[in-house]
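Reading the structure
Chain by chain, the residues run as shown.
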Number of protein chains: 2
Amino acid sequence: MARDTRERIVRVARDLVHGASMAQVSVEEICAAAGVHKGSLYHFFPSKDALGVAVLDANWALMRALLEEAFGDDVPPLVRIDRFVDGYAGMLALMRERMGATPGCPLGNLAAEVSSRDGEMRTRIVRIMDAWARYFVEAVREARGRGDVGPAVDADEVAVHILAHLQGMATMARAYDRPELAGRARGGVRMLLGLPA
Amino acid sequence: MARDTRERIVRVARDLVHGASMAQVSVEEICAAAGVHKGSLYHFFPSKDALGVAVLDANWALMRALLEEAFGDDVPPLVRIDRFVDGYAGMLALMRERMGATPGCPLGNLAAEVSSRDGEMRTRIVRIMDAWARYFVEAVREARGRGDVGPAVDADEVAVHILAHLQGMATMARAYDRPELAGRARGGVRMLLGLPA
DNA sequence: GCCCTTGTTGACCGTCTGGTCAAGAGCGGC
DNA sequence: GCCGCTCTTGACCAGACGGTCAACAAGGGC
C-alpha cells in the first residue's frame, strides 16, 4: 500500500487541479477524493506546494505520453504534429466529459497560476516548456529538410509560436467551454508553418 | 471622496490582480494598497467576486483603449493589427517594470483562473472575448477586400487564432518572465494571416 | 518473537480569509 | 440648526485553510 497511496494522491490531485486550479482545490478535498487522511498526505509531501510540483510532473508525464504517441512512429514530421494536436484536443474533450467542464491546458494553467510566485515551480515549468518545444523544433527541422515547409522557416521560432498557439486555444476552449476549439488549433499550426490551411 | 474611492479600489485591485491572480490577492491587501478599510470596500462591492467583475471590466476597458488607439486612425488594416500587437507587448513590458515580473494577459489570466467556476464572470468573459475578436474580424475582412491577404482567409476563424495566439504568447512571456516574447507575436500573427514573416 | 522502518490515523492548532455590523463622520438640502 | 444620506471606521466573527503531532498499525528482516 506504500507507493500506491502516493501515486493515488498525485493522480487524484492532478485531476482535481486540472479541472480547477491549485488554489481552488484544498488539501482536504484531495485527501477525501483519494480516500486518505491529511496526515498521510503530509507523510509523502512536506507542503501543498511540494504536492503541486508532483502534480506538475504528472502533467508533464501525461503530455509527454501524448507527444511520444504522436511523434513515435515513422510518419512524416508534419503528420506527427497534426497527430499531436489531435491527441491534445482529444484529451481536452475527454476531460470535459469526465468533469463537466473544459479544463484548458494542464501545463499552461499551472504556468499561468503559479509563475507569479517564484520558487521551484517556475523554473521547472520553464524547463518543461523547453522540452515540449523541442519536439516541435525537431519535427519542423526535419520537415524543412524534406522540403515540406519553406526554407525560410525558423524552427526555434515556429516552435514557440506553436506552443503558444496551443495554450491560447486551450484557454479559449476553457473560457467558452467548447473543447473543439482546441482541435481547430490544427489549422492555426499549419498557418504558422507557412502552409495553406 | 465618493466615486473617487471606488475607482481607486478598482484600479489598485486591477494592478494587484494583474500581477498575481484573484485568489492570490486578499481583500485586506487590496484595502491596504488603496488606503481604505475593509468595510469601506464592502460598502461598494457586495463580495470579492463582485469586485472581481469590476476588475474584469477595468481590464477590458484598458484593452479597449489599446484597441481603439491602434485601430482608430486611417491606416491599412494590417498595420492596425501590428500596432495593436505592439501596444499589447508594450503594456506587458511596462507592467513588468512596474511590478518586477511579467504579468501575462490581463483578460486571459482571469479567463483561465475563473472560468472553471461558473457565475457571471464566465459569461462576461466570453462576451469580452467576442468583442475583442470583432476588432480583428473587421480588420481582416477589410484587408481581404483590399487584397492584402488571400481571398481564402476566413476572417472569423483567423480572428480566433490571433486572439488565442496573443494570449498564449502572453502566458509564455509570464512563465519565462520575458515580456519581449509578446512582441514576437507579431510574426505569428502575420503567419496566421497567410503572409510571409 | 522482537524490533525497526514505513505508513496511517484523527484530533488538534494558529492563522488568514471573506464578510458583518453598529457606531460615527461629513456634507448638502431645507 | 437639524435632518438624512452617503461614506468611513475598526472591531468583530465564523469558517476554512495549511500544517502538526503523538500514538498506533503493518510487516519484513534477523
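Residues numbered from 1 in each chain as written. Chains lettered and ligands numbered in written order. Predicted model: local features only at pLDDT ≥ 70, side-chain atom pairs only at ≥ 80, totals over all residues. Heavy atoms only, no water.

Quick word on the protein's contact with DNA strand D
Around DNA strand D sit 15 residues in total, of which Lys38(A), Tyr42(A), Lys48(A), Thr5(B) and His37(B) are the nearest. The share of sugar and phosphate among atoms of DNA strand D within 4 Å of the protein is 59%. The side chain of Thr5(B) places a nitrogen or oxygen atom 2.7 Å from a phosphate oxygen of DNA strand D. Residue Ser40(B) places a side-chain N or O atom 3.0 Å away from a phosphate oxygen belonging to DNA strand D. When residues of the surface near DNA strand D are traced back to their parent elements, those giving at least two are α3 (38–44) of chain A together with α1 (2–19) and α3 (38–44) of chain B. Per-element accounting of the surface near DNA strand D gives the leading share, four residues, to α3(B). A class-by-class count of the residues in the surface near DNA strand D yields five nonpolar, eight polar and two charged. (Near = heavy atom within 4 Å. Polar contact = N/O pair within 3.5 Å; in protein donor to acceptor, adjacent residues only side chain to side chain. Helix = DSSP H or I, 4+ residues; strand = E, 2+ residues; numbered from the N terminus. Nonpolar A, V, L, I, M, F, W, Y, C, P; charged D, E, K, R; others polar.)

Structural notes on helix α7 (residues 120–146) of chain A
Here α7(A) is 27 residues long and its end C-alpha atoms lie 40 Å apart, about the 39 Å a rise of 1.5 Å per residue gives. Gly147(A) sits one or two positions beyond α7(A) and adopts a positive phi of about 80°. (Expected span 1.5 Å × (residues − 1).)

Quick look at the nonpolar core
Membership of the largest hydrophobic core comes to 154 residues, with the highest contact counts inside it found for Phe84(A), Trp132(A), Phe84(B) and Trp132(B). Not counting residues up to four positions away in its chain, the partners in contact with Trp132(B) are Trp60(B), Met63(B), Leu67(B), Phe84(B), Tyr88(B), Cys105(B), Leu107(B), Leu163(B), Leu166(B) and Gln167(B). (Core = buried A, V, L, I, M, F, W, Y, C linked by side-chain atoms within 4.5 Å. Buried < 20%, exposed > 50% of the residue type's maximum accessible area, 1.4 Å probe, protein only. Contact = heavy atoms within 4.5 Å.)

Regarding the interface of chain A and chain B
Across the contact, 40 residues belong to chain A and 40 residues belong to chain B. On the chain A side of the contact with chain B, Met172(A), Tyr176(A) and Met191(A) bury the most area, a combined 16% of that side's loss. Where chain A touches chain B, the interface holds two salt bridges. Residue Glu157(B) pairs with Arg184(A) through a salt bridge whose shortest N-O separation is 2.4 Å. At the surface where chain A touches chain B, the tally comes to 14 residue pairs in polar contact (both at pLDDT 80 or more). (Buried area = accessible area lost by both parts, 1.4 Å probe. Salt bridge = Lys/Arg side-chain N within 4 Å of Asp/Glu carboxyl O.)

Take it as geometry only, folks, not as evidence of what the structure does.
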